[in-house]
Amino acid sequence: MEFLTILLPVFGIFAIGFIGQKKIGFDTRSISTMALYIMSPILVFRTFYTTSFNIDYLYLAFYTFALCFSLIAVVYVISYFQGYSTPETCGMILASSFMNNGNYGTPVVLLLFGATGLKSAIILMVIQQVVMCTVGVYYAAKGSPDGNGGIRSALRAVQRMPIVYGGLVGALFQLLHIPLSNSVQEAVNLVADAAIPTVMIVLGMQLANISIKHLAKAKISWSLLIKLAISPAIAYALTLFMPVDEMVKQIMIIMAAMPTAANTTMYALQFNTESEFVSGTTLISTSLSLATLPIIFMIVL
């Protein structure tokens, strides 16, 4: 019950967005775009501007890519034995290999570990965004009806990701010791502090728009098993070889146990790659995480 007190406030904020979308019907895409392109880059800028860099961040980058490709390998093995087509395999990769550590994982880490843990969570979020808009877009494009343009689409997606630029500018300002005036810093703090609750409400809105009709039960069961159980197990194995702080290891495992990333639904819709399956997995994995995450907390913490 103690861990539920961490998750219930998070789900309460999701519920605000969910109910608001059902009752009022907001333009979710516009609000999501604002959070992604305006607010989140400011939050990332502040983190990179105020955080002293060390070798741990290289380990975090290696870990994120290693986890992603390990999960993709698991999907390929299952797809081979189940006889899934290329679009089905790519849909499973989108649903199983990318965790929601932006508008779900980051708030949970903040509640569990406070401001100290939040810095590591944001670094992981930025790296995960890079992985999603490269590897994720590649597989979304590969699984589309024409199956073309995967690498080109991924490169274009990276160029359009403002979160990456926010991190680069923040790091540059820190390395060059460029000071911010009190008024500018206050403005940055106002937007950065509003970013996390906004993206949480947006996730609730996105979940309200998801349909789970005609889902393949066996396929979605495999995807849920990979995302909610195999992913944190692989993350734990990877942390055994990582010379990082114990708290950072705990955050890495908890982030790996997060449900399917909401952004993968947008990629699946954009490229018409198993969009109903990916969106259904997002909704179900997010709902099930209320039961699975407390178990991960008890094991890890």
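Just so we're clear, the structure is a prediction, and the values are computed from it rather than from any experiment.

Caption draft 1: Examining the overall build of the protein more closely. Across its full length, the protein carries twelve helices and zero strands. The linear arrangement of helices and strands in the protein, starting from the amino end, is α-α-α-α-α-α-α-α-α-α-α-α. In terms of overall dimensions, the protein is globule-like: its C-alpha atoms have a radius of gyration of 18 Å, near the 19 Å expected for 301 residues. Here the C-alpha coordinates of the protein stretch approximately 60 × 45 × 45 Å along the principal axes. Taken across its 301 residues, the protein has 56% of its residues classed as buried. Nonlocal contacts in the protein, meaning residues at least 24 apart in sequence, comprise 85% of its contacts between residues at least 6 apart.

Caption draft 2: Focus on the pattern of salt bridges. Throughout the structure, instances matching the rule amount to three salt bridges. Each member of the salt-bridge network shares a partner with another, and the members are E88, K219 and E274.

Caption draft 3: Region of the structure containing helix α2 (residues 28–50). Helix length check: α2, at 23 residues, gives a terminal C-alpha distance of 31 Å against a target of 33 Å (1.5 Å per residue), a fit within 8%. Most pronounced at M39, the bend in α2 amounts to some 35 degrees, and the proline P41 follows within four residues.

Caption draft 4: Representation of the nonpolar core within the structure. Of all hydrophobic cores here, the largest spans 90 residues; its most connected members are L60, Y63, L67, F98, Y104, V108 and M252. Residue contributions to this core peak at 19 residues, all from helix α5 (residues 105–142). Apart from the residues within four sequence positions on either side, F98 is in contact with C68, I93, Q128, V131, M132, V135, G136, K227, P259, T260, A261 and T264.

The rules behind these values
Residues numbered from 1 in each chain as written. Predicted model: local features only at pLDDT ≥ 70, side-chain atom pairs only at ≥ 80, totals over all residues. Heavy atoms only, no water. Helix = DSSP H or I, 4+ residues; strand = E, 2+ residues; numbered from the N terminus. Rg over C-alpha atoms; globule rule 2.2 N^0.38 Å. Buried < 20%, exposed > 50% of the residue type's maximum accessible area, 1.4 Å probe, protein only. Contact = heavy atoms within 4.5 Å. Salt bridge = Lys/Arg side-chain N within 4 Å of Asp/Glu carboxyl O. Expected span 1.5 Å × (residues − 1). Bend = angle between axes of the 7 residues up to and from the residue. Core = buried A, V, L, I, M, F, W, Y, C linked by side-chain atoms within 4.5 Å.

It is worth stressing that arrangement in space is one thing and function is another; only the former is reported here.
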